[in-house]
Amino acid sequence: MHQLESDFSLYYDNKSSYYQSLCQQLEGLLSIERDPITNMSQVASFVFYSIPDLNWSGFYLNVDDENLRLGPFNGKVACVHIPFGKGVCGTVAQQRQSVRVDDVHSFAGHIACDSASNSEIVVPIVHDGRLFGVLDIDSPTLNRFDDDDLVGFEKLAATFAAATNL
Ligand code: SME
């Protein structure tokens, strides 16, 4: 698989073109199936192995507009239920706006699933006015992510949404 042979120097050289290339690869990967479980599983693995220095990548799904439930992911086992408004994922679900956290230990209400996590990005996935869920990416490195990563993850989430029956 191409994703396992990723050259991470390209990532560090030019993040926006790296993410653009990832989106094209992801479009191809998701072009054969529109099932949400299948495609979320592929996205979680693709992100985990295509981007350096991550310890968790996956989805939390909107259950009833008040609670999130763990979806497909790569990484250590995680919290199963997160209420809207709680932690980074619940905050993003409520606000429907991406959040980048440089140091999770200074984010009030952060939910520590893997004690190795030090920074995090969470992106909402909205389809036809309804929150489908959020894409959550964690890193063991403080200040791991910048605005290019945030925009990149939003584009990957949009690629997933366009290729999937949500
Ligand atoms: N840290 C997240 C919880 C999910 S785990 O990181 C996988 C949060 O505060 O919402």
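Structure's up top.
Residues numbered from 1 in each chain as written. Predicted model: local features only at pLDDT ≥ 70, side-chain atom pairs only at ≥ 80, totals over all residues. Heavy atoms only, no water.

Time to look at empty space enclosed by the protein. The tally for this structure, following the rule as stated, stands at one cavity of 30 Å³ or more. Its boundaries defined by the atoms lining it, the largest cavity holds a volume of some 150 Å³. Along its surface, the largest cavity is lined by 18 residues, and Ile 111, Cys 113, Glu 120, Asp 136 and Asp 138 are the ones closest to its centre. Considering each element in turn, the lining of the largest cavity owes the most residues, four residues, to helix H4 (residues 87–95). Its residues assigned to classes, the lining of the largest cavity shows nine nonpolar, four polar and five charged. (1 Å grid on protein atoms, 1.4 Å probe; cavity = no way out; pocket = protein on both sides within 12 Å on 5 of 7 lines; lining within 4 Å. Points joined across faces, edges and corners; volume = space filled by probe spheres on them. Helix = DSSP H or I, 4+ residues; strand = E, 2+ residues; numbered from the N terminus. Nonpolar A, V, L, I, M, F, W, Y, C, P; charged D, E, K, R; others polar.)

What the rule picks out here adds up to six salt bridges. For the salt bridge of Asp 149 with Lys 15, the shortest nitrogen-to-oxygen distance reads 2.6 Å. One end of the pair, Asp 149, is in helix H5 (residues 147–162); the other, Lys 15, is in helix H2 (residues 15–29), and 134 residues separate them in sequence. For the salt bridge of Arg 144 with Asp 53, the shortest nitrogen-to-oxygen distance reads 3.6 Å. Of this pair, Arg 144 sits in the loop between strand S6 (130–139) and H5 while Asp 53 is found in the loop between helix H3 (36–50) and strand S1 (56–62), placing the two residues 91 residues apart along the sequence. Residue class for Arg 144 comes out buried when judged on its relative accessible area of 8%. The partly exposed category is assigned to Asp 53, whose relative accessible area is 29%. (Salt bridge = Lys/Arg side-chain N within 4 Å of Asp/Glu carboxyl O. Buried < 20%, exposed > 50% of the residue type's maximum accessible area, 1.4 Å probe, protein only.)

What follows deals with the site of the ligand. Within the structure, the ligand sits among 13 residues, and Val 88, Cys 89, Ile 111, Glu 120 and Asp 138 are positioned closest to it. In the environment of the ligand, a nitrogen atom lies 3.2 Å from a nitrogen or oxygen atom belonging to the side chain of His 110. Protein chains bury 99% of the 310 Å² of accessible surface belonging to the ligand in isolation. For the ligand, the cavity whose grid points lie within 2 Å of the majority of its atoms is the largest cavity. (Near = heavy atom within 4 Å. Polar contact = N/O pair within 3.5 Å; in protein donor to acceptor, adjacent residues only side chain to side chain. Areas by Shrake-Rupley, 256 points an atom, 1.4 Å probe, with all protein chains shown as cover. Sits in = over half its atoms within 2 Å of the grid points.)

What follows covers the nonpolar core. Counting residues in each nonpolar core, the largest one holds 30 residues, and the members touching the most others are Ile 51, Phe 153 and Leu 156. Listing elements by their share of this core, those giving two or more residues are H2, H3, S1, strand S5 (119–127), S6 and H5. Once you skip the residues sitting within four places of it in the chain, Leu 156 turns out to touch Tyr 19, Leu 22, Cys 23, Leu 26, Val 47 and Ile 51. Residues Trp 56, Cys 79, Val 99 and Val 122 belong to the second largest nonpolar core, which totals 17 residues. (Core = buried A, V, L, I, M, F, W, Y, C linked by side-chain atoms within 4.5 Å. Contact = heavy atoms within 4.5 Å.)

The end-to-end C-alpha distance of H5, which contains 16 residues, comes to 22 Å, matching closely the 22 Å that a straight helix rising 1.5 Å per residue would cover. For H5, the set of buried residues is Asp 149, Leu 150, Gly 152, Phe 153, Leu 156, Ala 157, Thr 159, Phe 160 and Ala 161. Next to the buried residues of H5 lie helix H1 (8–13), H2, H3, S1, S5 and S6. The N-capping residue of H5, defined by a side-chain oxygen 3.0 Å from the backbone nitrogen of Asp 148, is Asp 146. (Expected span 1.5 Å × (residues − 1).)

Moving on: the pairing of S1. Among the seven residues in S1, seven count as buried, and that is most of the element. In this sheet, strand S2 (residues 67–75) lies alongside S1 in antiparallel orientation, the contact comprising six bridges. Directly across from Ser 57, in S2, lies its bridge partner Asn 74. Between S1 and S2, which follow one another and run antiparallel, lie four residues, and Asp 65 among them has a positive phi close to 65 degrees. Looking at chain direction, S1 and S6 are connected through six bridges and run antiparallel. Each bridged residue has a counterpart across the sheet, and for Gly 58 the counterpart in S6 is Asp 136. (Pairing = 2+ DSSP bridges.)

The analysis is restricted to geometry; functional conclusions fall outside its scope.
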